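Each chain, written out:
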Amino acid sequence: MKNEEQHIKFMQMAIDLSAKSVEEGGGPFGAVIVNKEGEIIAASHNCVTLNNDPTAHAEVMAIREACQKLKTFDLSGCTLYASCEPCPMCLSAMYWAHIERYFYAGTQHDAAEIGFDDKFIYDEIAQKPKDRFMSRKQILRDATLKVFNTWKNKADKIEY
């Protein structure tokens, strides 16, 4: 199968998963993760309302599934296909998982038109921390620095 045909096949799967999600009561988003050999590692859809979990976006669910299946937190070499442009949380998760590339169908603007608008998050990130909507206050830094130091000096740690 040619590369372009594979991309279309995997994207259509992500879109089909998004349709399944809508039928089941979830948001209209789907994601598929494929390894270098073109094998499907994970496929999922949005489960936010189904699981009462605001982090259960399709991409995050697929990353969780892929990591469990492969028994690793590093998805280097994998490609993610998303039915819509990833939100800031999903994009961050993709970076943390070391996803090397992704394809998407709908745009963030398409999603915003149906009520999934991430603009407030992009706007918040651009603000200085003191000007953000969510209040914040630092406490017990020294206690955390002790734990950080223990980690730093731990000989058998698994870095990520």
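The structure reproduced in this document is the subject of the present report. What you see is a predicted model; the values in this text were computed from it and never measured. (Residues numbered from 1 in each chain as written. Predicted model: local features only at pLDDT ≥ 70, side-chain atom pairs only at ≥ 80, totals over all residues. Heavy atoms only, no water.)

### Describing the sheet that holds strand E3 (residues 79-84)
Taken together, 4 strands build an open sheet; the order of strands is E2-E1-E3-E4 and the sheet is mixed. Strands with a single pairing partner mark the edges of an open sheet, and in this sheet they are strand E2 (40-45) and strand E4 (101-106). Each neighbouring strand pair of the sheet contributes to a mean axis angle of 10°, computed without reference to strand direction. Bridge analysis of strand E1 (residues 30-34) against E3 gives 4 bridges, and the strand direction is antiparallel. Directly across from Val 34, in E3, lies its bridge partner Thr 79. Here helix H3 (residues 58-70) sits on the sheet in contact with E1, E2 and E3, set at roughly 145° to E2. (Pairing = 2+ DSSP bridges. Helix = DSSP H or I, 4+ residues; strand = E, 2+ residues; numbered from the N terminus. Axes fitted to C-alpha atoms, helices over the stretch in contact; angles between N-to-C directions. Contact = heavy atoms within 4.5 Å.)

### Some remarks on a nonpolar patch on the surface
A contiguous nonpolar surface patch, about 680 Å² in accessible area, is contributed by Phe 73, Trp 96, Trp 151, Ile 158 and Tyr 160. Here Trp 151 is to be found in helix H7 (residues 141-153). (Patch = residues over 30% accessible without salt bridge, like charges linked within 9 Å, V, L, I, M, F, W, Y side chains within 5 Å. Areas by Shrake-Rupley, 256 points an atom, 1.4 Å probe, with all protein chains shown as cover. Salt bridge = Lys/Arg side-chain N within 4 Å of Asp/Glu carboxyl O.)

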